[in-house]
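What follows is each chain in one-letter form.
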Amino acid sequence: MYRKDWSDSFFTSYNRALAESFERETADVDEQQLDDPAVLAAIQQASFNSLQTWYDRPLDELDGQTPDQLIEALEGPDELLSFTEDAAERCDDILPDLLVMRLAREEQVMRPVLRERALAADYEARGHDEVDEELIVPAQLARLLGDWQDLDFARHFFRKVAATDRVNELIADSGRHLAETLGHSIVPELLARSAALLEANRYSASLDYLLVFLTIAATSESDEEIRDLCFRQLRAAFRQMPQRVIPTICIGDLGDGRGVTLLRGWLERHYHQLDRQLFYELLSSIRRLGGETTDLMRFLPQTP
C-alpha cells in the first residue's frame, strides 16, 4: 500500500540511517584516502550493506511496519512508480537496494511504465546553473533502465537527445551511464545519430554529448571493428565541426594511435586559428595517445 506520509517518513529515516552508516565507515579513514575513487566506492558499498538492520527494524512512523515490509506491500505498477519517483527525488543518484530488487522482480510489468515516464519529459536545458527538478525522476529512471540493459529504451533516449539543442546535465549524466552499461550494443545508434547531425550541419551541444557517449561506449569494448568505426566518426567530426574541443578530447580518450597524426597534422597546418583552450586540449590528447609534443610549443597562441 502506498501512502505519501509513509513514503516521506521512509526516506527521511533512510537518508538519516545512511548518513550515520557513512560516518561510521569513515570514522577511521584518512581524509586524503577519500579522494581515491576506489576507496570511496568501497566505503559507499559498505554503508549500503550495513542498512540491512534498518530495513528489518519496525518504525513507529510507518505504523510499526519495517521498511522492508512497506516496500513489499506496494501494489501494482502505479504504487511502485509513485514510490520510485519519491526515491529518485529524495535519494542522491542511488535507489535503495530493496526497492531496486522489488522493481527487478516486477520488471516485465514495470519496464514499459518506467520507459514511458522517462521519455515523456523535455530534455532541454533551462539554464546553465539551474537544476531542473522535473528531470530528476526521468534521469534516474533512465539509469535504472540502463542497468536492466534496455537497448530499445536507450535507442529512443538517444534519438530524443539528438533532437534537443541543449541537453540538461541530469539527462547527460544518464546518457553517460547508458553508454557505460550498454557498451558496443548502443554504438550503432550513437553512430547513426551523430552522423545525421553532422550531415545536417547541426553543431549543437547535443552533438558534443553524442560524441562523448560514443567514445564511452567504444572504449568499454576491445572489438577493433567497433573502435575503428568510432575513430572514423570522431575524425569526421573533428574535421567538420567549427568547435573542435570535444572531438579533440574524445579522440584522445578513444586511444587510437592514428589520432596522433590527425591532431598533430591539423595543429601544424592551422596553428593560426588556435585559441589556448584548443591548443592545450590538442597537446593533452596527443600525449595521451603516446605522441611527442615538445616541438609543438612553438605554436602556443599568444595572449592578446
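See above for the structure.
The rules behind each value
Numbering of residues starts from 1 in every chain and runs along the sequence as written. Restriction of local features to residues with pLDDT of at least 70 applies here, the model being predicted, together with a cutoff of 80 or more for giving and counting side-chain atom pairs; totals for whole chains, interfaces and linings are based on all residues. Only hydrogens and water are set aside; all other atoms, that is, all heavy atoms of the structure, feed into the side-chain values. Here a pair means two rings of Phe, Tyr or Trp (six-membered ring of Trp) with centres within 6.5 Å. Their orientation is stacked below 30 degrees between planes, edge-to-face above 60, and tilted elsewhere. The rule is simple: take the accessible area with a 1.4 Å probe, protein chains only, and divide by the maximum for that residue type; under 20% is buried, over 50% is exposed, in between is partly exposed. Ring-over charges, as used throughout, are those where CZ of Arg or NZ of Lys falls within 6 Å of the ring centre and within 35 degrees of the ring normal. Here a helix means four or more residues in a row that DSSP labels H or I, a strand means two or more in a row labelled E, and each is numbered from the N terminus. A helix is expected to span 1.5 Å for every residue after the first. Working note: the arc is built from the helix axis to C-beta atom directions. Contacts are residue-level and defined by heavy atoms, with any inter-residue pair within 4.5 Å sufficient. Polar contacts, as used here, are pairs of N or O atoms within 3.5 Å; protein pairs need one atom able to donate a hydrogen and one able to accept it. Residues neighboring in sequence count only if both atoms are side-chain atoms. Think of a patch as exposed residues, more than 30% relative accessible area, with no salt bridge, where like charges cluster within 9 Å and nonpolar side chains (Val, Leu, Ile, Met, Phe, Trp, Tyr) cluster within 5 Å. Computed by Shrake-Rupley with a 1.4 Å probe, the accessible areas treat only the displayed protein chains as cover when residues are assessed. Salt bridges are identified by distance alone: a Lys or Arg side-chain nitrogen within 4 Å of an Asp or Glu carboxyl oxygen. Here the positive residues are Lys and Arg and the negative ones are Asp and Glu; neither His nor the chain ends is included. Here the site of a charge means atom NZ of a Lys, CZ of an Arg, CG of an Asp or CD of a Glu. Note on terminology: a nonpolar core comprises buried Ala, Val, Leu, Ile, Met, Phe, Trp, Tyr and Cys residues joined through side-chain atoms within 4.5 Å. For helices, the fitted axis covers only the stretch in contact; all axes are lines through C-alpha atoms, and the angles between them, taken along N-to-C directions, range from 0 to 180 degrees. For this classification, under 35 degrees means roughly parallel, over 145 means roughly antiparallel, 65 to 115 means roughly perpendicular, and everything else is oblique. Crossings are classed by handedness, with left-handed meaning an anticlockwise turn of the near helix from the far one by less than a right angle and right-handed meaning a clockwise turn. Residue type decides the class: Asp, Glu, Lys and Arg count as charged, Ala, Val, Leu, Ile, Met, Phe, Trp, Tyr, Cys and Pro as nonpolar, and the leftover types, Gly among them, as polar.

Draft legend 1. A look at the packing of aromatic side chains. Counting across every chain of the model gives 15 aromatic pairs. The interplanar angle of 85° and the centroid separation of 5.2 Å between the aromatic rings of Phe157 and Phe158 together place this pair among those described as edge-to-face. Considered together, Phe157 and Phe158 belong to a single accessibility category, that of buried residues. Seen from the ring of Trp6, Arg3 lies directly overhead, with NZ or CZ sitting 4.0 Å from the centre.

Draft legend 2. Main features of helix H2 (residues 37-49). With 13 residues, H2 ought to run about 18 Å at 1.5 Å a step, and its terminal C-alpha atoms sit 18 Å apart, in line with that. Those residues of H2 lying buried are Ile43, Ser47 and Phe48. Down the axis of H2, the sector holding all buried residues measures 135°, keeping them to one side. Considering only its buried residues, H2 is in contact with helix H1 (4-26) and helix H6 (97-105). Put simply, Asp36 is the residue that caps the front of H2, since its side-chain oxygen is 2.9 Å from the backbone nitrogen of Ala38.

Draft legend 3. Examining a negative patch on the surface more closely. Side chains of Asp30, Glu31, Asp35 and Asp36 sit close together on the surface and give a patch of like negative charge. With respect to the element layout, Asp35 can be found in the loop between H1 and H2. Relative accessible area serves as the criterion here: at 64%, Asp35 is assigned to the exposed category.

Draft legend 4. Inspection of the nonpolar core at higher detail. Residues Phe10, Tyr14, Phe157 and Phe158 are the most contacted members of the largest nonpolar core, which totals 91 residues. Beyond its immediate stretch of four places on either side in the chain, Phe158 contacts Gly175, Leu178, Ala179, Ile186, Glu189, Leu190, Arg193, Leu210 and Phe213.

Draft legend 5. Representation of the packing of helix H9 (residues 151-162) against helix H11 (residues 187-199) in the model. Look at H9 against H11: their axes get within 10 Å of each other, and the N-to-C directions meet at 15°. Classified by the angle their axes make, H9 and H11 are roughly parallel. Viewed along their axes, H9 and H11 form a crossing whose handedness is right-handed. Listed contacts from H11 to Arg155, Phe158, Arg159 and Ala162 of H9 are Glu189, Leu190, Arg193 and Leu197. Each residue belonging to the contact of H9 with H11 can be placed in one class, and the counts come to four nonpolar, no polar and four charged.

Draft legend 6. Representation of the side chain of Ser174. Here Ser174 shows up in helix H10 (residues 169-182). Given the relative accessible area of 1%, Ser174 is considered buried. Filtering out sequence-adjacent residues up to four positions away, Ser174 remains in contact with Ala139, Ala142, Arg143 and Phe157.

Draft legend 7. Region of the structure containing the environment of Ala236. Assignment of secondary structure puts Ala236 in helix H13 (residues 224-240). As a C-alpha pair, Ala236 and Gly175 span 61 residues in sequence and 22 Å in three-dimensional space.

Draft legend 8. Structural detail: the side chain of Thr215. Its location among the elements puts Thr215 in helix H12 (residues 205-219). Here the side chain of Thr215 touches Leu211 through a polar contact of 2.8 Å, landing on its backbone oxygen. Excluding residues within four positions of it along the chain, Thr215 makes contact with Leu234, Cys250, Asp253 and Leu254.

Draft legend 9. Main features of unusual backbone geometry. For Asp63, which is not a glycine, the phi torsion comes out positive at approximately 55°. Within the secondary structure layout, Asp63 lies in the loop between helix H3 (52-55) and helix H4 (67-73). Overall, Asp63 belongs to the exposed group, its relative accessible area being 55%.

Draft legend 10. Quick look at the pattern of salt bridges. A full pass over the atoms with the stated rule returns 24 salt bridges. As a salt-bridge pair, Arg105 and Glu72 come within 2.7 Å of each other at their nearest N and O atoms. Within this pair, whereas Arg105 is found in helix H6, its partner Glu72 is found in helix H4, the two being separated by 33 residues in sequence. Within this structure, Glu107, Arg111, Arg115, Asp150 and Asp152 form a network of salt bridges that share partners.

Draft legend 11. Region of interest: the environment of Thr294. Residue placement: Thr294 occurs in the segment after helix H16 (276-288). A polar side-chain atom of Thr294 sits 2.4 Å from a polar atom in the side chain of Glu292.

Draft legend 12. Here's a closer look at the packing of helix H5 (residues 76-90) against helix H7 (residues 107-119). Between H5 and H7, the least distance of the axes is 10 Å, while the angle of their chain directions is 50°. Here H7 runs oblique to H5, going by the angle between their axes. The two elements H5 and H7 meet at a crossing, and its hand is right-handed. Packed against H5, whose contacting residues are Pro77, Leu80, Leu81 and Glu85, the element H7 presents Val109, Met110, Val113, Leu114 and Arg117 at the interface. Class assignment of the residues belonging to the contact of H5 with H7 gives a composition of seven nonpolar, no polar and two charged.

Read these as geometric descriptors, not functional statements.
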